Amino acid sequence: MNILGISAFYHDSAACLVRDGEIVAAAQEERFTRKKHDAAFPKKAVEYCLQEADIRTEDLDYVGFYDKPFAKFERILETYLSIAPKGLGQFLSAMPIWLKEKIWTRSNIRKKLEYYGPVLFSEHHESHAASAFYPSPFKEAAILTMDGVGEWATTSLAVGRGNKIELIKELRFPHSLGLLYSAFTYYLGFKVNSGEYKVMGLAPYGKPEYKKIILDHLIDLKEDGSFRMNQEYFDYLGGRTMTNSRFENLFGGPVRKSETSLTQKEMNIAASLQEVTEEIMLRMSRYVRSLTGMKNLCLAGGVALNCVGNGKILKEKIFDELWIQPAAGDAGGALGVAMCIWHQVLENKRQVKKEDAMKGAYLGPCFTDESIRGFLEGRGVSYRQLTNDELTRTVASHVKEGKVVGWFQGRMEFGPRALGGRSIIGDARSPKMQLVMNLKIKYRESFRPFAPSVLGEKASDWFDINSMSPYMLLVAAVREDKRVDILEEQKKLFGIDLLNIPRSQIPAITHVDYSARIQTVHKETNSRYYDLIKEFDKETGCPVIINTSFNVRGEPIVCRLEEAYLCFMRTEMDTLVLENFILDKADQKPLDEDTDWRDKFELD
Ligand SMILES: [Fe+2]
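For the structure given in this document, a descriptive report is provided here. Note that the structure is a prediction, hence the values are computed from the model and not measured. Going along each chain's sequence as written, the residues are numbered from 1 onward. Selection of residues for local features in this predicted model requires a pLDDT of at least 70, selection of side-chain atom pairs for listing and counting requires 80 or more, and totals for whole chains, interfaces and linings are taken over all residues. Processing note: side-chain calculations cover all non-hydrogen atoms of the structure and skip hydrogens and water entirely.

## Digging into helix α20 (residues 527-540)
Taking 1.5 Å as the rise per residue, α20 with 14 residues should run 20 Å; its terminal C-alpha atoms sit 20 Å apart, in good agreement. Type-normalised accessible area, obtained with a 1.4 Å probe on protein chains alone, sets the label of each residue: buried when under 20%, exposed when over 50%, and partly exposed for intermediate values. Secondary structure follows DSSP: runs of H or I at least 4 residues long count as helices, runs of E at least 2 residues long count as strands, and numbering of each begins at the N terminus. When α20 is considered as a whole, its buried residues turn out to be R528, Y529, Y530, L532, I533, E535, F536 and D537. At the exit of α20 stands G541, carrying a positive phi of roughly 80°. Here the expected span of a helix is defined as 1.5 Å times the quantity of residues minus one.

The structure is reproduced here in structure tokens:
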């Protein structure tokens, strides 16, 4: 039984193929079209999923879509009517695409896929909940989903048992933690639906001086974590912006222009928002625990990408264990709806895997040695082919020497994080690596530290964490015995200067508050990456390396050989590893490009 799940038409379109309950393939459309957060119908992602499963559309038994377009349309219509005539411009500009495409999703899918079987729809939060629970390692669990908005729901509390998910409660539009976070993302001069993680990265530099203002004026927060947002300060109901002039007055200034320098004020606002967000996440977690009595919690929805908040839930020990869907955003809805059809609609028994059913999130395309050799020969590239052992030793020594390595191995990850399939790696012990990688490789703002990959069994030797974090969705502090003292006068430094003071034995991945966004690496899901870090540990006594996504700023993570090679050649990366093939930059002829590739990617 083949089920294809699709998410599309909002942001992060994706496709996922589930065969007899097993996740065979999943990928985001942006990786193929090279358009970040591509929201178009995921034609190429579907093609890839079918190819991976070695089937054609006529072999599909069901196609599922991750939300209900009519209910969403109704929400847009009702919202407009509640504020009319304000919002007419926004309403009119949204209509053509709705009338032409979105409302006809079923016939659209049939036409685009040339598929004539059943097309089923689940609700947006049902898809998130299914993506959080069904692949989790728990037989039963509480489920919490939080995002911007789907049809009406913005948060849902549910319980999963066996193959059934039961919705308990939901919070509805316009009261939304995702939209609150996005409103501040907008106000702080970052892109909505993309720059939220920058706000999270900025927060540790600030003091939560605006927390009281947020709680007094913007939201009315209840003990159970539910809240109401005061719409007098926001403009997302019918305007073209997230916040309005009252919001600007409240925070003492206009919206920050993007790419201008960041001041302490922005950092304090980010810190305040982050604290409020954590407070809401904690209260909701406690509430869903008390309602369900469950010992474990599953999370999904865009807010579940707030790994600092997730780390707090874990640290507070509200639940015994936490499992977070790696594709927590809307891309994961494709997986959710397919799993929902298999379990909830068709009532098939659920197989619970000891780790989980995500295969390490390595659900995308991979390349054979023959195809890689063909590619390299075709381009006249200078390369060496190594055995597994040679490769592990060579790359570990490159990292140790301070080289920056493009690491392209196995199947591409599903979800926004690179997890050692499409990663750029470096030495976490190096005090200058943070700056080098930000400015020479990623070409991005330098206030953001990098994330570590650490051997699973050694994570608690280096970080205050006792559980695994295979999907880089938990933040924990670097252990005190790995920290180094910094001078009193260094503490007075500001922003990036503060980040540049080494504060631990692994400074490149240690944020100014000693936090780190951890990926634990496991032999079972990525043995080659595991072996590499193990070898690095053997040589240096440090089981931690830097892992950042294989792309430049604004570019989707690389998917195919061509993109990896171009990213390697265009940046100051030293080494490229494509499976068992290794390329040294020093041996390469320069690229002859007639345009500036930097114009290709819009800044995120
Ligand atoms: Fe969502």
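## Regarding the pairing of strand β16 (residues 451-455)
Counting buried positions over the five residues of β16 gives five, a clear majority of the element. Going residue by residue along β16, you find A451, S453 and L455 tucked away on one face and P452 and V454 tucked away on the opposite face as well. Each pair of strands is called paired provided DSSP finds at least two bridges between the two strands. Bridge count for β16 against strand β19 (residues 544-549) is four bridges, and the pairing is antiparallel. Following the sheet pairing, S453 is matched in β19 by I545. The pairing of β16 with strand β18 (residues 515-521) spans three bridges and is classified as parallel. Considered in β18, the bridge of V454 is made with T520.

## A word on the coordination of the iron ion
Distances define the donors: N, O and S atoms within 2.8 Å of the metal qualify, as do those within 3.2 Å of Na, K or Ca. Water is excluded, so some sites may look unfinished. Bound to the iron ion on the protein side are H124 (NE2), H128 (NE2), D147 (OD) and D330 (OD), at distances that span 2.1 to 2.3 Å. Tetrahedral means four donors with every angle between 85 and 135 degrees, whereas square planar (four donors) and octahedral (six donors) require angles over 155 degrees between opposite donors and between 65 and 115 for all others; sites fitting neither are termed irregular. Bound by four donor atoms, the iron ion shows angles of 88 to 171° at the metal and therefore irregular coordination geometry. Here the donor residues of the iron ion are spaced in sequence according to H-x3-H-x18-D-x182-D. With H124 and H128 both in helix α6 (residues 124-133) and four residues apart, this pair spans about one turn of that helix. Across this residue pair, the class does not change: H124 and H128 are buried.

## Thoughts on the sheet that holds strand β2 (residues 14-19)
Spatial strand order, β3-β2-β1-β4-β5: five strands in an open sheet with mixed pairing. Looking at which strands have only one partner, the edges of the open sheet turn out to be β3 (22-28) and β5 (119-121). Neighbouring strand axes in the sheet, compared pairwise and without regard to direction, differ in orientation by 20° on average. Relative to β5, strand β4 (residues 62-65) runs parallel, the two sharing three bridges. Pairing of F65 across the sheet is with F121, part of β5. Any two residues having at least one pair of non-hydrogen atoms within 4.5 Å are treated as being in contact. Under this scheme, a helix contributes an axis fitted over its contacting stretch, all axes are lines through C-alpha atoms, and angles between N-to-C directions fall in the 0 to 180 degree range. Together, β1 (2-7), β4 and β5 form the strand contacts of helix α5 (residues 105-113), whose direction differs from that of β5 by roughly 140°.

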